[in-house]
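Chain by chain, the residues run as shown.
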Amino acid sequence: QHHPNEAFQQPNSNVASDTEQEEQEVVFFVENMTCGGCGGHVRNLVESVAEITQATVEWRLARVTARGKGLLQHYAKDGGEDHDGERAMWQQSVATLLEKEGYPVHFS
């Protein structure tokens with residue numbers, strides 16, 4: 001037997017996933033950038049991470065602004081009281097890539 005409400009549930013089934021996929025912006029800090037060349041290298045590494053669509057690097061301030069989808073889900077600040085040691089997957093990827101190249105990362 002056909003249920004009259006079924007037709008109305010279908011179009012709304014992906015509303016929650018659309019809001020999860022909004023672009024978000026996150027600022028974090030990267031040590032040892034001493035010139036614009038370093039900044040460009042860091043930007044390329046950060047943008048190679050799947051979740052990140054764009055990165056802006058201010059090397060003099062040691063600051064990176066990353067934009068992407070779902071960046072704030074499971075986001076972990078370094079040393080925060082609620083920090084359980086688990087970083088988001090993209091955070092772990094960024095930290096691994098940059099630290100391997102000599103650029104320690106701090107998420108605040």
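Look up a bit, the structure's there.
Residues numbered from 1 in each chain as written. Predicted model: local features only at pLDDT ≥ 70, side-chain atom pairs only at ≥ 80, totals over all residues. Heavy atoms only, no water.

Turning next to the nonpolar core. With 24 residues, the main nonpolar core has Phe28, Val30, Val42, Val46, Trp90, Val94 and Leu98 as its most contacted residues. Within the residue set of this core, elements represented by two or more residues are β1 (23-30), α3 (36-47), β2 (52-58), β3 (63-69), α4 (89-100) and β4 (105-107). Here Trp90 is in contact with Val26, Phe28, Val49, Glu51, Ile52, Leu71, Tyr75 and Phe107, once residues within four sequence places are set aside. (Core = buried A, V, L, I, M, F, W, Y, C linked by side-chain atoms within 4.5 Å. Buried < 20%, exposed > 50% of the residue type's maximum accessible area, 1.4 Å probe, protein only. Helix = DSSP H or I, 4+ residues; strand = E, 2+ residues; numbered from the N terminus. Contact = heavy atoms within 4.5 Å.)

Time to look at the side chain of Thr65. Along the chain, Thr65 turns up in strand β3. What Thr65 contacts, discounting residues up to four positions off in sequence, is Glu25, Val26, Val27, Gln54, Ala55, Thr56 and Glu58.

Here the focus is the environment of Ala95. Along the chain, Ala95 turns up in helix α4. Take Ala95: its relative accessible area is 1%, and that puts it in the buried class. Ala95 sits 65 residues away from Val30 along the chain, and the two C-alpha atoms are 9.3 Å apart. In this structure, Ala95 is in contact with Arg87, Val105 and Phe107, ignoring residues within four places of it in sequence.

Across the sheet, 4 strands lie side by side as β2-β3-β1-β4; this open sheet has antiparallel pairing. The open sheet has two free edges, formed respectively by β2 and β4, since each of these has just one partner strand. Strand-to-strand twist across the sheet, computed as the mean angle between neighbouring axes with direction ignored, equals 30°. Relative to β3, β2 is paired through 6 bridges, and the arrangement is antiparallel. Counted as the bridge partner of Thr56 is Thr65 from β3. Contacts between α3 and the sheet are confined to β1, β2 and β3, with β2 contributing the most and set at about 160° to the helix. (Pairing = 2+ DSSP bridges. Axes fitted to C-alpha atoms, helices over the stretch in contact; angles between N-to-C directions.)

A positive phi angle is found at Asn32, which is not glycine, with a value near 75°. Position of Asn32 among the secondary structure elements: in the loop between β1 and α3.

Another aspect to go through is the packing of α3 against α4. Orientation of α3 relative to α4, taken along the N-to-C sense of each, is 145°, at an axis distance of 9 Å. Note that α3 runs across α4; the crossing there is right-handed. Contacts between α3 and α4 involve Val42, Leu45 and Val46 from the first element and Val94, Leu97 and Leu98 from the second. Considering only residue class, the contact of α3 with α4 consists of 6 nonpolar, no polar and no charged. (Left-handed = near helix turned anticlockwise from the far one by under 90°. Nonpolar A, V, L, I, M, F, W, Y, C, P; charged D, E, K, R; others polar.)

What follows covers the environment of Cys38. Relative to the helices and strands, Cys38 is located in helix α3. Cys38 sits 21 residues away from Trp59 along the chain, and the two C-alpha atoms are 7.5 Å apart. If we skip the residues at most four places from it in the chain, Cys38 touches Asn32, Met33 and Tyr103.

In short, geometric facts, not functional conclusions.
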